[in-house]
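Structural features, examined
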Amino acid sequence: MSWVLENVDVIAGYTGSHLLQALPPILVAFALSLPLAKLANARGWLRTGVTTTSGLLYAIPSLPLFVLLPGIVGTSVRSPLNIAIALSLYGLALMVPAASDAFRSVDRTVLSSATAQGYAAGARFLHVELPLAGPVLLAGVRVVAVSTISLVTVGGVLGVPSLGMLFVDGFRRGIIAEITAGVVLTAALALVTDGLLVLLGRLLMPWSRPTAGRRT
Amino acid sequence: MTGNPFLDALAWLVDPVHWSGPSGVPARTLEHLGYTVLGVLVAALIAIPVGLLVGHTGNGKGITVTVAGAARALPTLGLVTLFALLLGLGLTAPLLAFVVLAVPSLLAGAYSAVESADPATVDAARAQGMTEWQILAKVEIPLGMPLIIGGFRGATVQVVATAMLAAYVGNGGLGRYIFLGLGSQDYPLMIAGSLLVIALALVLDLVLLVTQRLTAPRGRLPAES
């Protein structure tokens, strides 16, 4: 415990870099998943292809992906950008199938009614389809957020600053409190983000009662 | 040395020198596979019975869903290093981490498999005089088999990745190459190790994916993972 109190500034710094590596991928995965899922849903074979590809991409362990990406996109192995790109890919692998399910969960006849009421395609998507897909989308984002925040720590073994450094440093120096602090903080960060997403969902979708979400 | 790290990595991979002995590719792959199978099996011994029971009786449903969800938030590297410090070097510490990380997927898979059985079907089985054990064994488990295998898929993905970190705390497996390369600034070696782990992960995932499709009861679409 005293280790934690003596190193509050170090921990705060790592928490900041941690969030900088975790939040952009969550946003990127969400934003890109919407058009990709719409595209995939347009054709059955495309949807199967996208779902299968996502599953296989997700099966790739994070550390090898962190190692391979720099050679492909030209970042450095120790660059936070490298971690953020890899995590965006994982985020997409989780989020695109979720978004595809979300849009499929919207009743076709409701969309037809909206069209009959004079909604243009864009407005219909924004004001009818997206809100109705909202609860399932939210469940997907929650899974992406929690898993992304936890995965950032793996970058620590490559020397990329994040709460993962507490594990690397704590292990090297044999400080159990340091590792414990890292585990607790990472989990707390993930659970707080998850809680904020639930709150955001209630604000944006006051009509939907919270559900346990689709956790697979 | 060609200057292109990927070509250098391929050159490393095809060099017969690296395919024999205790630190050769076959030995390291077997170690990695061994850790994975052991981790998933031990976790399954705990999680599958509990998941089936919760799914069948409906008791403890809330806790199961919460545990499965919250476990995602646990950083794997943190568990591996923490257990290594607490239990010392050796296989016990990583094995414990594998089990902790594999249990949630297996639990969720077994639980949702049983729960996905149509209540009308289950009642029909009960009306025909089946005992609760028979309902579980002959109705709920076969119907939900793809979801159970889906749980194994999730757990395997998780453990293959974590088994790499086992090398970080002094064990073998394919992670060795990555950490060896990291320590000696040998990027091609890190790539070679990464390609091997990715290949192993994808092969395991494909095998389980095919199993998932094959175990789907006839006349029913395979459940999505």
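Note that the coordinates shown come from a computational prediction; the quantities given were computed from them, not determined experimentally. (Residues numbered from 1 in each chain as written. Chains lettered and ligands numbered in written order. Predicted model: local features only at pLDDT ≥ 70, side-chain atom pairs only at ≥ 80, totals over all residues. Heavy atoms only, no water.)

1. Let's talk about the overall build of chain A
- Looking only at helices and strands, one finds nine helices and zero strands in chain A.
- Scanning chain A from its N terminus toward the C terminus, one meets helices and strands in the order α-α-α-α-α-α-α-α-α.
- With the principal axes as the frame, chain A shows a C-alpha extent of 65 × 40 × 25 Å.
- Burial statistics for chain A: of 216 residues in total, 49% are counted as buried.
- Sequence separation of 24 or more characterises 72% of the internal contacts of chain A that already satisfy a separation of 6 or more.
- Accessible surface computed for chain A: about 9800 Å², of which carbon and sulfur atoms make up 70%.
- Each charge class in chain A can be summarised by its mean position, and for the 14 positive and 8 negative side chains these summaries are 13 Å apart. (Helix = DSSP H or I, 4+ residues; strand = E, 2+ residues; numbered from the N terminus. Buried < 20%, exposed > 50% of the residue type's maximum accessible area, 1.4 Å probe, protein only. Contact = heavy atoms within 4.5 Å. Areas by Shrake-Rupley, 256 points an atom, 1.4 Å probe, with all protein chains shown as cover. Lys, Arg positive; Asp, Glu negative; His and termini not counted. Charge placed at Lys NZ, Arg CZ, Asp CG, Glu CD.)

2. Some words on the overall build of chain B
- Helix and strand content of chain B: nine helices and zero strands.
- Listed N to C, the secondary structure of chain B is α-α-α-α-α-α-α-α-α in terms of helices and strands.
- Its C-alpha atoms give chain B principal-axis dimensions of roughly 70 × 40 × 25 Å.
- Counting every position in chain B, which comprises 225 residues, the buried fraction comes to 49%.
- For chain B, the proportion of contacts with a sequence separation of at least 24, taken over those separated by at least 6, is 73%.
- Accessible surface, chain B: about 10100 Å² in total, of which carbon and sulfur atoms supply 70%.

3. Structural notes on the environment of Leu-92 of chain A
Residue and element names in this part refer to chain A.
- By secondary structure assignment, the location of Leu-92 is in helix H5 (residues 80-104).
- Of the residues examined, Leu-92 reaches a relative accessible area of 15% and is grouped as buried.
- Along the primary structure Leu-92 and Leu-57 are separated by 35 residues, whereas in three dimensions their C-alpha atoms are 9.3 Å apart.
- Apart from residues no more than four positions distant in its own chain, Leu-92 is found in contact with Ala-29, Leu-32, Ser-33, Leu-36 and Pro-97.

4. A look at the packing of aromatic side chains
- What the rule picks out here adds up to six aromatic pairs over all chains.
- Arranged with centres 6.4 Å apart and planes meeting at 35°, the rings of Tyr-35 of chain B and Phe-98 of chain B form a pair that is tilted. Within this pair, whereas Tyr-35 of chain B is found in helix H2 (residues 25-57), its partner Phe-98 of chain B is found in helix H5 (residues 92-115), the two being separated by 63 residues in sequence.
- Overall, the relative accessible area of 0% leaves Phe-98 of chain B in the buried class.
- Linked through ring pairs, Phe-171 of chain A together with Tyr-168 and Phe-179 of chain B together constitute an aromatic cluster.
- The ring of Phe-103 of chain A carries the charged tip of Lys-38 of chain A above its face, separated from the ring centre by 5.3 Å. (Phe/Tyr/Trp six-rings, centres within 6.5 Å; stacked < 30°, edge-to-face > 60°. Lys NZ or Arg CZ within 6 Å of the ring centre and 35° of its normal.)

5. Focus on helix H2 (residues 8-42) of chain A
- With 35 residues, H2 of chain A should cover 51 Å at 1.5 Å per step; its first-to-last C-alpha distance of 51 Å lies within 8% of that length.
- Roughly 35° is the biggest bend found in H2 of chain A, and it falls at Ser-33 of chain A, with proline Pro-35 of chain A one to four residues downstream. (Expected span 1.5 Å × (residues − 1). Bend = angle between axes of the 7 residues up to and from the residue.)

6. With respect to the side chain of Ser-150 of chain A
- Looking at the element boundaries, Ser-150 of chain A is found in helix H7 (residues 121-151).
- On the basis of relative accessible area, Ser-150 of chain A is assigned to the buried category, the value being 7%.
- In this structure Ser-150 of chain A touches Thr-186 of chain A together with Arg-72, Ala-73, Leu-74 and Pro-75 of chain B, once residues within four positions along its chain are discounted.

7. Thoughts on unusual backbone geometry
- One non-glycine residue, Gln-185 of chain B, adopts positive backbone phi at about 55°.
- For Gln-185 of chain B, the location among the structural elements is in the loop between helix H8 (175-183) and helix H9 (187-215).

8. Digging into the interface of chain A and chain B
- Each partner contributes to the interface: chain A provides 43 residues, whereas chain B provides 42 residues.
- In total, chain A and chain B occlude about 3600 Å² of area from one another, counting both sides; carbon and sulfur atoms represent 78% of this.
- Of all residues in chain A, Leu-68, Val-157 and Phe-171 of chain A bury the most surface against chain B, accounting for 17% of the area lost on that side.
- In this structure, the connection of chain A to chain B is made through three residue pairs in polar contact (both at pLDDT 80 or more). (Buried area = accessible area lost by both parts, 1.4 Å probe. Polar contact = N/O pair within 3.5 Å; in protein donor to acceptor, adjacent residues only side chain to side chain.)

9. As for the confidence of the model for chain B
- Of all residues in chain B, 96% have pLDDT values of 70 or greater, and the mean over the chain is 87.
- Our summary of model confidence lists the complex with pTM equal to 0.86 and ipTM equal to 0.84. (pLDDT = per-residue confidence, 0-100.)

10. Here we look at the nonpolar core
- Of all hydrophobic cores here, the largest spans 90 residues; its most connected members are Leu-63, Val-157 and Leu-158 of chain A together with Trp-12, Tyr-168, Phe-179 and Met-190 of chain B.
- With eleven residues, the single largest contributor to this core is H9 of chain B.
- Membership of the second largest hydrophobic core comes to 23 residues, among which are Ala-43, Phe-98, Leu-136 and Ile-141 of chain B. (Core = buried A, V, L, I, M, F, W, Y, C linked by side-chain atoms within 4.5 Å.)

11. Looking at a nonpolar patch on the surface
- On the surface, Ile-176 of chain A together with Leu-86, Leu-87, Leu-96 and Val-100 of chain B cluster together into a nonpolar patch covering about 390 Å² of accessible area.
- Within the secondary structure, Leu-86 of chain B is located in helix H4 (residues 76-87). (Patch = residues over 30% accessible without salt bridge, like charges linked within 9 Å, V, L, I, M, F, W, Y side chains within 5 Å. Salt bridge = Lys/Arg side-chain N within 4 Å of Asp/Glu carboxyl O.)

12. Some remarks on the pattern of salt bridges
All names here are of chain A.
- Scanning all chains against the criterion turns up nine salt bridges over all chains.
- In this structure, the salt-bridge partner of Asp-194 is Arg-142, at a minimum N-O distance of 2.8 Å. Residue Asp-194 is located in helix H9 (residues 176-204), and its partner Arg-142 is located in helix H7; the two are separated by 52 residues in the primary sequence. No difference in accessibility class separates Asp-194 from Arg-142, as the two residues are buried.
- Between Arg-173 and Asp-169 there is a salt bridge, with its nearest N and O atoms 2.7 Å apart. In this pair, Arg-173 and Asp-169 both sit in helix H8 (residues 164-173), four residues apart, roughly one turn of the helix.

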